[in-house]
Amino acid sequence: MKAAFIERPGPPGAIVYGELPDPLPGPRDALIRVRACAVNPIDTYVRSGAVVMPLPRPFVVGCDLAGEVVAVGDEVNRLRPGMRVWGSNQGLLGRQGTFSELAAVDERWLYPTPDGVSDREAAAAALVSITAHLGLVGRAGVRPGETVFVNGGSGGVGSAVVQIAKALGARVIATAGAPEKQALVRRFGADVVIDYRDPEIVARARAVVADGVDVYWETQREPDFDRTVAILAEGGRMILMAGRDARPAFPVGPFYVKGCSLHGFAMFKTSHSEQAAAAADINRWLAAGRLRVPIDRVLPLAQTAEAHALQESATVMRSGGLIGKIVIEP
Ligand SMILES: NC(=O)c1ccc[n+]([C@@H]2O[C@H](COP(=O)([O-])OP(=O)(O)OC[C@H]3O[C@@H](n4cnc5c(N)ncnc54)[C@H](OP(=O)(O)O)[C@@H]3O)[C@@H](O)[C@H]2O)c1
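This one's a predicted model, so the numbers in the text were calculated from it and none came from an experiment.

Reading the values: the criteria
- Residues numbered from 1 in each chain as written.
- Predicted model: local features only at pLDDT ≥ 70, side-chain atom pairs only at ≥ 80, totals over all residues.
- Helix = DSSP H or I, 4+ residues; strand = E, 2+ residues; numbered from the N terminus.
- Rg over C-alpha atoms; globule rule 2.2 N^0.38 Å.
- Contact = placed C-beta atoms within 7 Å.
- Near = placed C-beta within 6 Å.
- Nonpolar A, V, L, I, M, F, W, Y, C, P; charged D, E, K, R; others polar.
- Buried ≥ 20, exposed ≤ 12 C-beta atoms within 10 Å, placed from the backbone.
- Expected span 1.5 Å × (residues − 1).
- Bend = angle between axes of the 7 residues up to and from the residue.
- Domains from an automatic or database assignment.
- Axes fitted to C-alpha atoms, helices over the stretch in contact; angles between N-to-C directions.
- Parallel < 35°, antiparallel > 145°, perpendicular 65-115°, else oblique.
- Left-handed = near helix turned anticlockwise from the far one by under 90°.
- Pairing = 2+ DSSP bridges.

**Section: the overall build of the protein chain**
Along its length, the protein chain carries nine helices and 16 strands. Rg of the C-alpha trace for the protein chain: 20 Å, near the compact-globule value of 20 Å for 330 residues, within the 12% margin. Considering only C-alpha atoms, the protein chain reaches an extent of 60 × 40 × 35 Å along its principal axes. For the protein chain, the share of sequence-separated contacts (at least 6 apart) that also reach a separation of at least 24 residues comes to 72%.

**Quick word on the site of the ligand**
G155, G156, G177, M241 and M267 are the nearest of the 29 residues found near the ligand. Of all the elements in the fold, those that place two or more residues in the shell around the ligand are α1 (41–48), α2 (119–139), α3 (156–167), β10 (171–176) and α9 (304–315). Of the residues contributing to the shell around the ligand, the split by class is twelve nonpolar, 14 polar and three charged.

**Quick notes on the environment of L286**
Position of L286 relative to the elements: it lies in helix α8 (residues 272–287). A tally of 23 C-beta atoms within 10 Å means that L286 is categorised as buried. With 172 residues separating them in the primary sequence, L286 and P114 have C-alpha atoms 7.6 Å apart. Once residues lying within four places of it in the same chain are set aside, the contact partners of L286 are P114, V117, E121, A125 and L291.

**Thoughts on α2**
Every α-helix winds through 3.6 residues per turn, so residues three or four apart in the chain are directed the same way. Spanning 21 residues, α2 covers 29 Å between terminal C-alpha atoms, matching the ideal 30 Å at 1.5 Å per step. Approximately 45° is the largest bend angle found in α2, and it occurs at A126. With 19 of 21 residues buried, α2 lies mostly within the body of the structure. Positive backbone phi, at 55°, marks G141, one or two positions downstream of α2.

**Digging into the domain arrangement of the protein chain**
Segmentation of the protein chain into domains returns domain 1 (2–113 + 294–329) and domain 2 (129–267). Summarising the inter-unit geometry, the C-alpha centres of domain 1 and domain 2 are found 29 Å apart. Looking at side-chain class alone, the side of domain 1 that touches domain 2 contains two nonpolar, three polar and one charged residues.

**Some words on the packing of α1 against α9**
Between α1 and α9, the least distance of the axes is 9 Å, while the angle of their chain directions is 110°. Here α9 runs roughly perpendicular to α1, going by the angle between their axes. Remark: the crossing between α1 and α9 carries left-handed chirality. Along its contact with α1, which presents P41, D43, T44 and R47, the element α9 presents H308, Q311, E312 and T315. Here the contact of α1 with α9 is composed, by residue class, of one nonpolar, four polar and three charged.

**Focus: the sheet that holds strand β14 (residues 261–264)**
The strand order across the open sheet built from six strands is β11-β10-β9-β12-β13-β14, with neighbouring strands paired in parallel fashion. The open sheet has two edge strands, β11 (192–195) and β14, and neither has a second partner. Direction aside, the axes of adjacent strands within the sheet are offset by 20° on average. Sheet topology places strand β12 (residues 213–218) next to strand β13 (residues 232–240); five bridges connect them, and they run parallel. Residue Y216 lies in a different strand from β13, and its bridge partner there is M238. Strands β9 (147–151), β10 and β12 of the sheet are contacted by α3, whose axis makes an angle of about 165° with β10.

**Digging into the packing of α2 against α8**
Here α2 crosses α8 at 115°, and the two axes come no closer than 9 Å. α8 is crossed by α2, and the crossing has right-handed handedness. Between α2 and α8, the residues in contact are E121, A125, S129, I130, H133, L134 and G138 and E274, Q275, A278, A279, D281, I282 and L286, respectively. Along the lines of polarity and charge, the residues of the contact of α2 with α8 split into seven nonpolar, four polar and three charged.

**Points about the environment of V229**
Topologically, V229 is positioned in helix α6 (residues 225–231). Note on V229: 24 C-beta atoms within 10 Å, which makes it buried. Separated by 147 residues in sequence, V229 and G82 place their C-alpha atoms 50 Å apart. Sequence-distant contacts of V229, that is, excluding residues within four places in its chain, are made with P251, P254, F255 and C260.

Written out as structure tokens, the structure is:
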């Protein structure tokens, strides 16, 4: 099969597009004919070695996939050949990745793709939507009528957070950069959109909810806790999920006196049962058209190295160069 793989961590140019033996599914695996996969920032960190993981050698890059089951192992009971499925959380913690024509995946990480949802859409939604669900439902416990502030509502995770928070009945304030990004976030249902370069963000958020927001979702790698705590309401919850090397100042007094809480998590460490519960809701929202993950471009598998370079410049260098996910079609 054709695959995009590395022999050892390195720059985007370390990714080889070439032939690998077809994977052999284990007893609990389904063999998937991959029709689409999506690039996430974590793919680039694992590929570069910035995040150290045990890696099979050669290591096929990537976490997300959507496609069709072509064979199943003896112990697989939910899936059968011909079913359309999507999944995430591969290429992590020693598991092989997904950027290949065929992938052998434990059935516990696979979910049926709803009719009417394309493989491109399912792959683009996978990791980012599960992440948004884990944070909003499992960590922040968002309730209908609450206000959620999303800093970076135009990105992969941010656009899913905006839409899932709306689906959960919350009011959403989000920040974004360029005017077209702000328009996108509005189309996804954000009630109020603020330019993230606006120096008056705290005042603008307070003008919407005088008592502050119930949940603040930070997508950035260098959070500004003074600003966040100023925006949070009494008992507010903050979600942190980026910035491994960040060591920002923290306003201890204002934070605890308000009874706020801080919830960090890494999606790839959560259990398959928690992710499957998230996937069930995500499937409902995808099927109903309530969750639409933007796709910036679709590239062939041979251009995976270029896709990694683009993702890095957008997320790490904050180039603003992507409006949505990069989808790869093998
Ligand atoms: N912990 C986990 O489980 C988990 C899961 C997924 C992702 N992550 C991490 O979360 C981060 C975001 O991932 P992603 O896939 O959403 O990345 P992404 O698609 O590149 O989105 C980045 C976002 O940052 C925004 N942004 C840029 N500069 C900003 C600023 N100064 N203030 C506020 N927002 C700004 C961008 O807005 P514009 O495009 O409008 O400029 C965009 O919305 C990455 O670091 C990733 O590694 C963690």
